[in-house]
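Letter by letter, the chains look like this.
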Amino acid sequence: MQEAFLHFIWQYQYFDKNDLCTIDSESLEIFDQGFLQTNAGPDFSQSRIKIADILWSGNVEIHVKSSAWLQHHHDTDKAYDNVILHVVWENDKEITRTDGSKIPVLELKDRVEPSLIDRYKKLINQPQDILCQNQIEQVDHLTKLSMWDKALMNRLERKAEEVTDLHKQLKGDWEIVAYRLLCRNFGFKINNDAFEMLSKALPLKYIHKHANNIHQVEALLLGQAGFLDEKEGGNYYLGLRKEYLFLSKKYQLEILKMNQHQWKFLRLRPANFPTLRLAQLAMTLVNLKNVFSTILDTTSFDELNKLLVQPTSEYWYTHYHFGKEGKSQIKKIGKSSVENIIINTVVSVLAAYGKMHQEQEYLDRAVSFLQQLSPENNRITRQWKSLDQPIKTAFDSQASIELYNEYCLKKRCLSCNVGVKLLTNLD
């Protein structure tokens, strides 16, 4: 027996209520089971019950065994003094509040249908990652759609919290927050840590001072990244190096400068080389000027897309790295890369700002952008597609990734609309 299953049983009231009573044989009526809490404290709040002739309002705590109350030290925690009912699978110990008063206990082990327990065990013990994959076709479209929406909003909430934490660390400077996120997401997983490190090693204020000069911004980024250390090179390289040495001395950047070995090239296609990505980032920073303000003020998806899809400076049309010339072509950032940046930078910033300021329009815009983006193509989305689940936009792919990582892999079927539907056989 798992506590999560008992939360499910109590939340949906799937137990026999005939002649319901506490372990002390006092009659028990449940008017409102309350709201499941995800933060610290009792499991359910704002519950309303009647024991004997007394109406109670307060919290409900749930454990597999009542002795867990003592193991978790609730008997000395005043936060649990307002618990009006202790719901357990098995009552093996008398428990009390901090003042020594006894707490009423409801034991469930003889009140739950064995078939429900069997269905739960069968579902939770499946060997595959998506536990319900052999049964998901039994679930109606509306239930699956509602879970997709729930997963997507959970993902936005989590990303918003991460951005909010960064906002606090940076003392409320949204421009630096957006700069850090944009830089990190230009690393596209392989080099994201290095790009984030660079954003710390090269303060945004120096980018802003030279935002009208792509040559100087490139020099700052590539030099601070450690790619301008060699004394020999072609004319373009030497021009950047000369510019960087001057700016580095002027702004005292040398102490924070990175080394080339911190960047990964192995098994990367030339289009993903960090040198080219840095050149693309330079043009993006020059084009956007103030990243956060642009994100906040750009309401049109097409306009945002145009702002991000800009060609690099001419040198990079024929180069992926210094001294390595390739086929001539304009090195704009690719469509999938732009979409990745919108998902992980723009959408995250909009969600965080909207949540912090309680401005629904920014959350709505974040969702709208996701609905206009192509779906991501990765192992997780392909797995959902193999189960005939539609992945048509980035809204769908982001929802499917969240569902897989935060529900399926963690076996949180009881928090999933699909899992609940399968367990209860609701029409």
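Residues numbered from 1 in each chain as written. Predicted model: local features only at pLDDT ≥ 70, side-chain atom pairs only at ≥ 80, totals over all residues. Heavy atoms only, no water.

Asker: Could you give me a rundown of the overall build of the chain, with the residues and numbers involved?
Answerer: When helices and strands are tallied, the chain shows 17 helices and 8 strands. Taking 22 Å as the expected radius of gyration for a compact globule of 427 residues, we find that the chain reaches 28 Å, considerably beyond that expectation. In terms of overall dimensions, the chain has a C-alpha envelope of 90 × 50 × 40 Å along the principal axes. Of the contacts formed within the chain by residues at least 6 apart in sequence, a portion of 59% connects residues at least 24 apart. When the accessible surface of the chain is split by element, carbon and sulfur atoms take 47% of a total near 21,300 Å². Separation between the mean location of the 53 positive side-chain charges and that of the 54 negative ones in the chain comes to 10 Å. (Helix = DSSP H or I, 4+ residues; strand = E, 2+ residues; numbered from the N terminus. Rg over C-alpha atoms; globule rule 2.2 N^0.38 Å. Contact = heavy atoms within 4.5 Å. Areas by Shrake-Rupley, 256 points an atom, 1.4 Å probe, with all protein chains shown as cover. Lys, Arg positive; Asp, Glu negative; His and termini not counted. Charge placed at Lys NZ, Arg CZ, Asp CG, Glu CD.)

Asker: Before we move on, can you summarise the pattern of salt bridges with the specific residues and values?
Answerer: Summed over all chains, the structure comprises 13 salt bridges. In this structure, Arg 158 engages Glu 402 in a salt bridge whose closest nitrogen and oxygen atoms are separated by 2.7 Å. One end of the pair, Arg 158, is in helix α4 (residues 141-169); the other, Glu 402, is in helix α16 (residues 394-408), with 244 residues separating them in the sequence. Classification of Arg 158 by relative accessible area gives partly exposed; the value is 28%. For Glu 402, a relative accessible area of 2% gives the class buried. Shared partners join several salt bridges into a network, and the residues in it are Arg 155, Arg 158, Glu 162 and Glu 402. (Salt bridge = Lys/Arg side-chain N within 4 Å of Asp/Glu carboxyl O. Buried < 20%, exposed > 50% of the residue type's maximum accessible area, 1.4 Å probe, protein only.)

Asker: How would you summarise the packing of helix α5 (residues 174-185) against helix α10 (residues 274-288) if you had to cite specific residues and measurements?
Answerer: Close contact between α5 and α10 brings their axes to 11 Å; oriented N to C, the two are set at 150 degrees. With respect to α10, the axis of α5 lies roughly antiparallel. Relative to α10, the crossing made by α5 is right-handed. Two secondary-structure elements touch here, α5 through Tyr 179, Leu 182 and Cys 183 and α10 through Leu 281, Thr 284 and Leu 285. Along the lines of polarity and charge, the residues of the contact of α5 with α10 split into 5 nonpolar, 1 polar and no charged. (Axes fitted to C-alpha atoms, helices over the stretch in contact; angles between N-to-C directions. Parallel < 35°, antiparallel > 145°, perpendicular 65-115°, else oblique. Left-handed = near helix turned anticlockwise from the far one by under 90°. Nonpolar A, V, L, I, M, F, W, Y, C, P; charged D, E, K, R; others polar.)

Asker: So what's going on with helix α12 (residues 301-308)? Which residues, and what values?
Answerer: Looking at α12, one finds that the buried residues are Phe 301, Leu 304 and Leu 308. With its buried residues spanning 65 degrees around the axis, α12 presents them on a single face. Along α12, the residues that are exposed and aim more than 90 degrees away from the buried face are Asp 302 and Lys 306. The secondary structure elements touched by the buried residues of α12 are α10, α13 (335-357) and α14 (360-372). Regarding α12, its N-cap is Ser 300, as a side-chain oxygen of that residue lies 3.4 Å from the backbone nitrogen of Asp 302 further along. (Arc of directions from axis to C-beta. Polar contact = N/O pair within 3.5 Å; in protein donor to acceptor, adjacent residues only side chain to side chain.)

Asker: Tell me about the packing of aromatic side chains, and name the residues and values.
Answerer: Per the stated rule, a full pass over the model turns up 24 aromatic pairs. Every member of this aromatic cluster is reached through a ring pair, and the members are Phe 5, Phe 8, Tyr 12, Tyr 14 and Tyr 120. Between the NZ or CZ atom of Lys 17 and the centre of the ring of Phe 15, over which it lies, the distance is 4.8 Å. One residue, Arg 412, lies across the ring of Tyr 407, its end atom 4.3 Å from the ring centre. (Phe/Tyr/Trp six-rings, centres within 6.5 Å; stacked < 30°, edge-to-face > 60°. Lys NZ or Arg CZ within 6 Å of the ring centre and 35° of its normal.)

Asker: So, the packing of helix α15 (residues 379-386) against α16: which residues are in play, and what are the values?
Answerer: Between two packed helices, the angle of one axis relative to the other and the distance separating the axes together describe the packing. One way to put it is that α15 packs onto α16 with a least axis distance of 9 Å and a crossing angle of 95 degrees. Between α15 and α16, the crossing angle belongs to the class labelled roughly perpendicular. Judged by residue contacts, Arg 379, Ile 380, Thr 381, Gln 383 and Trp 384 of α15 engage Ser 397, Ser 400, Ile 401, Leu 403, Tyr 404, Asn 405 and Cys 408 from α16. Considered class by class, the residues forming the contact of α15 with α16 number 6 nonpolar, 5 polar and 1 charged.

Asker: Explain the pairing of strand β5 (residues 83-90) residue by residue, including any values.
Answerer: Of all the 8 residues making up β5, 7 are buried; the element is thus mostly covered by neighbouring parts of the structure. For strand β4 (residues 54-65) and β5, the ladder comprises 6 bridges, and the chain directions are parallel. Following the sheet pairing, Ile 62 is matched in β5 by Val 87. Pairing of β5 with strand β6 (residues 105-107), which is carried by 3 bridges, proceeds in the parallel orientation. What sits directly across from His 86, in β6, is Val 105. (Pairing = 2+ DSSP bridges.)

Asker: Which residues make up the nonpolar core, and what values go with them?
Answerer: The tendency in soluble globular proteins is for nonpolar side chains to be buried side by side. By size, the foremost hydrophobic cluster in this structure holds 130 residues, and its most contacted members are Trp 10, Leu 221, Ile 342 and Trp 384. Considering each element in turn, this core owes the most residues, 11 residues, to α13. Excluding anything up to four places from it in sequence, Ile 342 contacts Phe 301, Leu 304, Asn 305, Leu 308, Val 347, Phe 369 and Leu 373. Trp 69, Tyr 80, Val 83 and Ile 95 belong to the second-largest nonpolar core, a separate cluster that totals 5 residues. (Core = buried A, V, L, I, M, F, W, Y, C linked by side-chain atoms within 4.5 Å.)

By themselves, these observations are geometric and do not establish any function.
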